[in-house]
Amino acid sequence: QVQLVESGGGSVQAGDSGRLSCAVSGPTFGTYMIGWFRQAPGKEREFVAAIRWSGRSYYKDSLKGRFAISKDNAKSTMYLQMNSLEPEDTAVYYCAAIYLSAGGTAIGVTDVKYWGQGLQVTVSS
């Protein structure tokens, strides 16, 4: 059983930066990569970024350059650095364990095996 425990989030102003953390426990190496999705009010959950344990990463095209995903293997923790936040980034952010067979910008909710509890990120203008 994989467990994903998120931390970070909260309310920020437009232009601020923020960082989300996801502590991973359970058997993921060789089976899943870890990533983030988000869901804004009234919208479908969408892919944000993901990273393999090898370090290869994937991003939603429109977030490249503003968001950065990284990991600390020793701590089994994955991070999402969010810069120049915009009100449109307001959403609940979910950490996810994603099947290794997924890849590229086509990663979707059907590629996810486990979800974290979700974190609210609110960006005010």
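The notes below deal with the structure included here. (Residues numbered from 1 in each chain as written. Predicted model: local features only at pLDDT ≥ 70, side-chain atom pairs only at ≥ 80, totals over all residues. Heavy atoms only, no water.)

## Considerations on the pattern of salt bridges
Phase 1: This model, assessed by the stated rule, comprises six salt bridges.
Phase 2: Put simply, Glu-86 and Arg-66 hold a salt bridge, and the shortest N to O gap is 3.9 Å. You can see Glu-86 sitting in the loop between strand E8 (77-82) and strand E9 (91-99) and its partner Arg-66 sitting in the loop between strand E6 (57-59) and strand E7 (67-72), a full 20 residues away along the chain.
Phase 3: For Asp-89, the salt bridge goes to Arg-66, with nearest N and O atoms at 2.8 Å. A residue pair is termed long-range when its members are at least 10 positions apart, and Asp-89 in the loop between E8 and E9 and Arg-66 in the loop between E6 and E7 qualify at 23 residues. Both residues of the pair, Asp-89 and Arg-66, count as buried. (Salt bridge = Lys/Arg side-chain N within 4 Å of Asp/Glu carboxyl O. Helix = DSSP H or I, 4+ residues; strand = E, 2+ residues; numbered from the N terminus. Buried < 20%, exposed > 50% of the residue type's maximum accessible area, 1.4 Å probe, protein only.)

## Considerations on the nonpolar core
Phase 1: By size, the foremost hydrophobic cluster in this structure holds 30 residues, and its most contacted members are Leu-4, Ile-34, Trp-36, Leu-80 and Tyr-93.
Phase 2: Going through the elements one at a time, strand E3 (18-25), strand E4 (32-39), strand E5 (46-51), E7, E8, E9 and strand E11 (119-124) are the ones with two or more residues in this core.
Phase 3: Among the elements that line this core, the one with the most residues is E9, at four residues.
Phase 4: Discounting chain neighbours no more than four positions away, the residues touching Leu-80 are Gly-18, Arg-19, Leu-20, Trp-36, Val-48, Ala-49, Phe-67, Ala-68, Ile-69 and Tyr-93.
Phase 5: If you look at the next biggest cluster of nonpolar residues, it comprises 10 residues, including Met-33, Ala-50, Ala-102 and Val-112. (Core = buried A, V, L, I, M, F, W, Y, C linked by side-chain atoms within 4.5 Å. Contact = heavy atoms within 4.5 Å.)

None of the figures reported here should be taken as evidence of function without further support.
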